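# Residue-level structural notes
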Amino acid sequence: MQSIHQRACRNVAKHLNLCTDILNPRQLGETVVKRRKSTFFSTMAPRRNLRVLLDMDGVLADFEGQFLKNFREKYPSDPFVPLEERSGFYVTKQYYAFGQDVGTKAFGIYEEKGFFLSLQPIEGAIEAAREMAEMEG
(Lines give C-alpha, C1' and ligand atoms only; values in the text may rest on other atoms or scores of the structure.)
Protein backbone atom coordinates (compact mmCIF):
# COMPACT_ATOMS: atom_id res chain seq x y z
CA MET A 1 0.00 0.00 0.00
CA GLN A 2 1.35 3.43 -0.93
CA SER A 3 1.68 6.22 1.60
CA ILE A 4 0.08 9.62 1.04
CA HIS A 5 3.57 11.01 0.36
CA GLN A 6 4.26 8.37 -2.31
CA ARG A 7 0.92 9.07 -4.02
CA ALA A 8 1.64 12.81 -3.97
CA CYS A 9 5.11 12.23 -5.46
CA ARG A 10 3.57 10.06 -8.15
CA ASN A 11 1.01 12.80 -8.94
CA VAL A 12 3.75 15.44 -9.22
CA ALA A 13 5.79 13.14 -11.46
CA LYS A 14 2.78 12.53 -13.71
CA HIS A 15 2.18 16.28 -13.86
CA LEU A 16 5.76 16.73 -15.01
CA ASN A 17 5.54 13.79 -17.42
CA LEU A 18 8.52 12.21 -15.67
CA CYS A 19 9.24 8.60 -14.77
CA THR A 20 6.87 7.61 -11.97
CA ASP A 21 8.89 4.78 -10.44
CA ILE A 22 9.16 5.06 -6.69
CA LEU A 23 12.24 3.23 -5.53
CA ASN A 24 12.69 1.94 -2.05
CA PRO A 25 16.15 2.45 -0.50
CA ARG A 26 17.13 -1.19 -1.11
CA GLN A 27 16.32 -0.89 -4.83
CA LEU A 28 18.15 2.42 -5.06
CA GLY A 29 21.25 0.92 -3.43
CA GLU A 30 21.26 -2.03 -5.84
CA THR A 31 20.86 0.32 -8.80
CA VAL A 32 23.79 2.47 -7.68
CA VAL A 33 25.98 -0.57 -7.07
CA LYS A 34 25.15 -2.05 -10.48
CA ARG A 35 25.79 1.26 -12.21
CA ARG A 36 29.12 1.73 -10.39
CA LYS A 37 30.27 -1.79 -11.29
CA SER A 38 29.39 -1.38 -14.95
CA THR A 39 31.10 2.01 -15.09
CA PHE A 40 34.19 0.98 -13.14
CA PHE A 41 34.80 -2.44 -14.67
CA SER A 42 33.72 -1.81 -18.24
CA THR A 43 34.79 1.16 -20.28
CA MET A 44 32.61 -0.12 -23.13
CA ALA A 45 29.39 -0.10 -21.09
CA PRO A 46 26.35 0.99 -23.10
CA ARG A 47 25.37 4.60 -22.49
CA ARG A 48 22.21 4.97 -20.42
CA ASN A 49 20.09 7.97 -19.69
CA LEU A 50 20.75 9.45 -16.30
CA ARG A 51 17.86 9.19 -13.83
CA VAL A 52 17.63 12.14 -11.47
CA LEU A 53 15.49 11.81 -8.36
CA LEU A 54 13.96 15.06 -7.12
CA ASP A 55 12.71 15.47 -3.60
CA MET A 56 9.23 16.92 -3.50
CA ASP A 57 9.33 18.78 -0.17
CA GLY A 58 11.16 22.08 -0.47
CA VAL A 59 12.40 21.29 -3.99
CA LEU A 60 9.27 21.01 -6.12
CA ALA A 61 6.59 21.77 -3.53
CA ASP A 62 6.38 24.35 -0.74
CA PHE A 63 6.11 22.13 2.36
CA GLU A 64 7.17 24.86 4.81
CA GLY A 65 4.75 27.49 3.50
CA GLN A 66 1.78 25.12 3.45
CA PHE A 67 2.64 23.78 6.90
CA LEU A 68 2.75 27.29 8.40
CA LYS A 69 -0.47 28.33 6.65
CA ASN A 70 -2.34 25.26 7.92
CA PHE A 71 -0.90 25.58 11.44
CA ARG A 72 -1.86 29.25 11.80
CA GLU A 73 -5.36 28.61 10.41
CA LYS A 74 -5.99 25.69 12.74
CA TYR A 75 -4.26 27.09 15.85
CA PRO A 76 -4.32 30.91 15.56
CA SER A 77 -3.60 31.55 19.25
CA ASP A 78 -0.62 29.15 19.51
CA PRO A 79 2.98 30.29 19.04
CA PHE A 80 4.55 29.55 15.66
CA VAL A 81 7.91 29.74 13.91
CA PRO A 82 8.00 32.32 11.07
CA LEU A 83 9.43 30.99 7.81
CA GLU A 84 12.52 33.18 8.05
CA GLU A 85 13.31 31.66 11.49
CA ARG A 86 12.80 28.02 10.49
CA SER A 87 15.93 25.91 10.77
CA GLY A 88 16.78 22.26 10.79
CA PHE A 89 15.28 19.33 8.98
CA TYR A 90 12.34 18.44 11.22
CA VAL A 91 9.74 21.20 11.44
CA THR A 92 8.31 19.77 14.66
CA LYS A 93 11.60 20.10 16.58
CA GLN A 94 11.21 23.88 16.85
CA TYR A 95 7.53 23.54 17.73
CA TYR A 96 8.22 21.11 20.57
CA ALA A 97 10.38 23.88 22.08
CA PHE A 98 7.08 25.74 22.70
CA GLY A 99 5.79 22.75 24.66
CA GLN A 100 4.65 19.18 24.17
CA ASP A 101 1.11 20.22 23.19
CA VAL A 102 2.28 22.65 20.46
CA GLY A 103 4.72 20.08 19.08
CA THR A 104 2.00 17.44 18.94
CA LYS A 105 -0.31 19.86 17.12
CA ALA A 106 2.47 20.64 14.63
CA PHE A 107 3.07 16.95 14.00
CA GLY A 108 -0.63 16.50 13.32
CA ILE A 109 -0.63 19.18 10.61
CA TYR A 110 1.38 17.20 8.06
CA GLU A 111 -0.18 13.92 9.13
CA GLU A 112 -3.64 15.18 8.10
CA LYS A 113 -5.22 13.49 5.13
CA GLY A 114 -4.52 15.40 1.93
CA PHE A 115 -1.70 17.58 3.30
CA PHE A 116 0.91 16.47 0.77
CA LEU A 117 -1.60 16.61 -2.05
CA SER A 118 -2.34 20.26 -1.19
CA LEU A 119 1.27 21.46 -1.47
CA GLN A 120 1.74 24.26 -3.95
CA PRO A 121 4.65 24.14 -6.42
CA ILE A 122 7.65 26.34 -5.71
CA GLU A 123 7.89 29.10 -8.29
CA GLY A 124 9.94 27.93 -11.27
CA ALA A 125 10.46 24.40 -9.92
CA ILE A 126 8.16 22.62 -12.35
CA GLU A 127 9.63 24.44 -15.33
CA ALA A 128 13.15 23.58 -14.14
CA ALA A 129 12.22 19.90 -13.70
CA ARG A 130 10.71 19.82 -17.19
CA GLU A 131 13.85 21.40 -18.60
CA MET A 132 16.01 18.77 -16.90
CA ALA A 133 13.75 15.99 -18.20
CA GLU A 134 14.24 17.24 -21.76
CA MET A 135 18.04 17.44 -21.53
CA GLU A 136 20.10 15.05 -23.61
CA GLY A 137 22.52 12.66 -21.97
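Because the structure is predicted, anything quoted here is derived from the model rather than measured.

### Description of the overall build of the chain
Looking only at helices and strands, one finds six helices and zero strands in the chain. The order of helices and strands in the chain, counted from the N terminus, is α-α-α-α-α-α. With 137 residues in all, the chain has 24% of them scored as buried. When the accessible surface of the chain is totalled, it reaches about 10,200 Å², and 55% of it is carbon and sulfur.

### Description of a nonpolar patch on the surface
Nonpolar side chains collect at one region of the surface, where L50, V52, L54, V59, M132 and M135 lie side by side and expose about 560 Å² of accessible area between them. By the element assignment, M132 lies in helix α6 (residues 125-133).

### Focus on the pattern of salt bridges
Throughout the structure, instances matching the rule amount to four salt bridges. Where E64 meets R86, a salt bridge forms, and the shortest distance between an N and an O atom there is 2.8 Å. In this pair, E64 is assigned in helix α3 (residues 63-74) and R86 in the loop between α3 and α4 (91-96), connecting sequence segments 22 residues apart. Overall, the relative accessible area of 25% leaves E64 in the partly exposed class. Looking at R86, the relative accessible area reads 15%, which means it is buried. Residues D78 and K105 are paired through a salt bridge, measuring 2.7 Å at the closest nitrogen-oxygen approach. One end of the pair, D78, is in the loop between α3 and α4; the other, K105, is in helix α5 (residues 100-111), and 27 residues separate them in sequence. D78 gets classed as buried once you look at its relative accessible area, which sits at 15%. For K105, a relative accessible area of 25% puts it in the partly exposed group.

### What to know about the nonpolar core
Formed by 17 residues in total, the largest nonpolar core has its most connected members in F63, F67, F71, Y95 and F115. Other than its neighbours up to four places away in sequence, F67 contacts V91, Y95, A106, I109, Y110 and F115.

### Points about the confidence of the model for the chain
Put simply, the chain has an average pLDDT of 76, and 64% of its residues get 70 or more. Looking across the chain, the model is least confident in helix α2 (residues 25-41), with a mean pLDDT of 40, and most confident in α3, with 96. Segment residues 18-43: pLDDT under 50, and 22 contacts once partners within four positions in sequence are set aside and those in other chains are kept.

### Quick look at α6
When α6 is considered as a whole, its buried residues turn out to be A125, I126 and A129. Seen end-on, α6 carries its buried residues on one side only, within an arc spanning 95°. Within α6, the exposed residues directed more than 90 degrees away from the buried face are E127 and E131.

### Concerning the side chain of D78
A distance of 2.7 Å separates polar atoms of two side chains, one belonging to D78 and the other to K105. With residues up to four places along the chain from it excluded, the contact list for D78 reads F71 and K105.

### Overview of the packing of aromatic side chains
Counting across every chain of the model gives 13 aromatic pairs. Taken together, a centroid distance of 6.4 Å and an interplanar angle of 50° make the contact between F67 and Y110 tilted. In this pair, F67 sits in helix α3 while Y110 sits in helix α5, placing the two residues 43 residues apart along the sequence. For F67, a relative accessible area of 1% corresponds to the buried category. Judged by relative accessible area, Y110 falls into the buried class, the value being 16%. Judged by centre distance (4.8 Å) and plane angle (90°), the rings of F89 and Y90 are edge-to-face. Here the guanidinium or amino end of R72 rests over the ring plane of F80, the centre of that ring lying 3.8 Å away.

Calculation notes
Residues numbered from 1 in each chain as written. Predicted model: local features only at pLDDT ≥ 70, side-chain atom pairs only at ≥ 80, totals over all residues. Heavy atoms only, no water. Helix = DSSP H or I, 4+ residues; strand = E, 2+ residues; numbered from the N terminus. Buried < 20%, exposed > 50% of the residue type's maximum accessible area, 1.4 Å probe, protein only. Areas by Shrake-Rupley, 256 points an atom, 1.4 Å probe, with all protein chains shown as cover. Patch = residues over 30% accessible without salt bridge, like charges linked within 9 Å, V, L, I, M, F, W, Y side chains within 5 Å. Salt bridge = Lys/Arg side-chain N within 4 Å of Asp/Glu carboxyl O. Core = buried A, V, L, I, M, F, W, Y, C linked by side-chain atoms within 4.5 Å. Contact = heavy atoms within 4.5 Å. pLDDT = per-residue confidence, 0-100. Arc of directions from axis to C-beta. Polar contact = N/O pair within 3.5 Å; in protein donor to acceptor, adjacent residues only side chain to side chain. Phe/Tyr/Trp six-rings, centres within 6.5 Å; stacked < 30°, edge-to-face > 60°. Lys NZ or Arg CZ within 6 Å of the ring centre and 35° of its normal.

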